[in-house]
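Architecture at a glance
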Amino acid sequence: MRVIGDLTRLNARRYPQKTALLMGDTRVSYAELEARANRLAHGLTALGVAPGDRVAILALNCPEYAVVVSAVAKCGAVLVPLNFRYRRDELAYVINDAGPRVLLAGPEMLPLVEEARGAFAPPALALVSLGGPAPAGGLTLQQATDGRPVRPPAVDVDADSPAMIMYTSGTTGFPKGVLYSHASFLGVYHGVVIEGDMRHDDVVMVTMPLFHNGGLNVLLQPALMLGATAVMMAKGFDPDATLEAV
């Protein structure tokens, strides 16, 4: 594995029917995850996304989040995970700082996006809803992916090229965008696997939000690299739901 898109590509070949993602009653196999990521990658390309462009996601934990992560990587684009706790001005600041070409938003986040859109700097970005009806002037995820090929896009992604911009938190100033390459994250994933004694047959509970490095790049992505199963938990800590999932 050299780049982030390899996580789903290789494990769809190795363990096609194994459950990659589990959330409530929803199960997504590695073969399905790869196919959905490829369709979305082609859909993003159709929206004008080119290697090096930024693509933002604002959503609660959900299986679609993992699809977006893989799809953006396959395009050679740069993922910008956004904090779902942002308010209007915070969201507008990060959008204007990162300059994404596309924003993928969960249905719960669409009211905030609509509230902040007037403060987004030009050029206008494309808006894709990960669930529910299409936003004004935008598309649903299904509309963006319908009829797209299930094969990977023909994009040669350099392992040293940018993969994500993760915004800092916990300070009194504005968030700072920190740039990570594919190679740097693959190194993190290997370290987590080795130091965490992780195994292919593990079931990993993803309790942290996926906009955070802890949720996305310490829990979810190392599990997917191994071909393990990731159990995704919803926003907030619910003791009963957690015990039931365990």
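Described in the following lines is the structure provided in the data block.

Scoring rules and cut-offs
Residues numbered from 1 in each chain as written. Predicted model: local features only at pLDDT ≥ 70, side-chain atom pairs only at ≥ 80, totals over all residues. Heavy atoms only, no water. Phe/Tyr/Trp six-rings, centres within 6.5 Å; stacked < 30°, edge-to-face > 60°. Helix = DSSP H or I, 4+ residues; strand = E, 2+ residues; numbered from the N terminus. Buried < 20%, exposed > 50% of the residue type's maximum accessible area, 1.4 Å probe, protein only. Core = buried A, V, L, I, M, F, W, Y, C linked by side-chain atoms within 4.5 Å. Pairing = 2+ DSSP bridges. Right-handed = clockwise from strand over helix to strand, strands pointing away. Salt bridge = Lys/Arg side-chain N within 4 Å of Asp/Glu carboxyl O. Axes fitted to C-alpha atoms, helices over the stretch in contact; angles between N-to-C directions. Parallel < 35°, antiparallel > 145°, perpendicular 65-115°, else oblique. Left-handed = near helix turned anticlockwise from the far one by under 90°. Contact = heavy atoms within 4.5 Å. Nonpolar A, V, L, I, M, F, W, Y, C, P; charged D, E, K, R; others polar.

**Considering the packing of aromatic side chains**
In total, this model carries four aromatic pairs according to the counting rule given. Taking 4.5 Å as the distance between ring centres and 20° as the angle between the ring planes, the aromatic pair formed by Tyr93 and Phe174 counts as stacked. With Tyr93 in helix H4 (residues 88-98) and Phe174 in the loop between strand S8 (162-167) and strand S9 (177-181), this residue pair connects regions lying 81 residues apart in the sequence. The exposure class of Phe174 is exposed, given its relative accessible area of 54%. Aromatic pair Tyr180 and Phe185: ring centres 4.7 Å apart, planes at 25°, arrangement stacked. A relative accessible area of 26% means that Tyr180 is categorised as partly exposed.

**What about the nonpolar core?**
In this structure, Leu21, Leu82, Leu91 and Met164 are the most contacted members of the largest nonpolar core, which totals 81 residues. A total of eight residues in this core trace back to one element, the largest contributor, which is helix H3 (residues 63-74).

**Some details on the pairing of strand S10 (residues 203-206)**
Burial of S10 is one-sided: the residues Val204 and Val206 facing one way are buried, the residues Val203 and Met205 facing the other way are not. Where S10 meets strand S11 (residues 229-232), four bridges bridge the pair, whose relative direction is parallel. Counterpart to Met205 in the pairing with S11 is Val231. Read from S10 through helix H8 (residues 213-226) to S11, the crossover connection turns out right-handed.

**Comments concerning the pattern of salt bridges**
For the structure on display, the rule yields seven salt bridges. The partner of Glu64 in a salt bridge is Arg36, with the nearest N and O atoms 3.6 Å apart. Of this pair, Glu64 sits in helix H3 while Arg36 sits in helix H2 (residues 30-46), placing them 28 residues apart in sequence. Of the residues examined, Arg36 reaches a relative accessible area of 22% and is grouped as partly exposed.

**Focus: the packing of H2 against H3**
Contact geometry of H2 with H3 gives a least axis separation of 8 Å together with a crossing angle of 55°. Taken as axis vectors, H2 and H3 run oblique relative to one another. Handedness of the H2/H3 crossing: right-handed. Taken together, the residues of H3 that come into contact with H2 (itself represented by Leu33, Glu34, Arg36, Ala37, Asn38, Leu40, Ala41 and Leu44) are Glu64, Ala66, Val67, Val68, Ser70, Ala71, Val72 and Lys74. Partitioned by chemical class, the residues of the contact of H2 with H3 number ten nonpolar, two polar and four charged.

**Remarks on the sheet that holds S10**
Pairing between sheet strands relies on hydrogen bonds along the backbone, with the strands arranged either parallel or antiparallel. Read from one edge of the open sheet, four strands run S2-S1-S11-S10, paired in mixed fashion. Of all strands in the sheet, those bounded by a partner on one side alone are strand S2 (26-29) and S10. For this sheet the average axis-to-axis angle between neighbouring strands, irrespective of direction, equals 20°. Bridge count between strand S1 (residues 19-23) and S11: two bridges; the pairing is parallel. From the neighbouring strand, Leu21 faces S11, where its bridge partner is Ala230. The strands that H2 touches are S1 and S2; relative to S2, the one it contacts most, it runs at about 80°.

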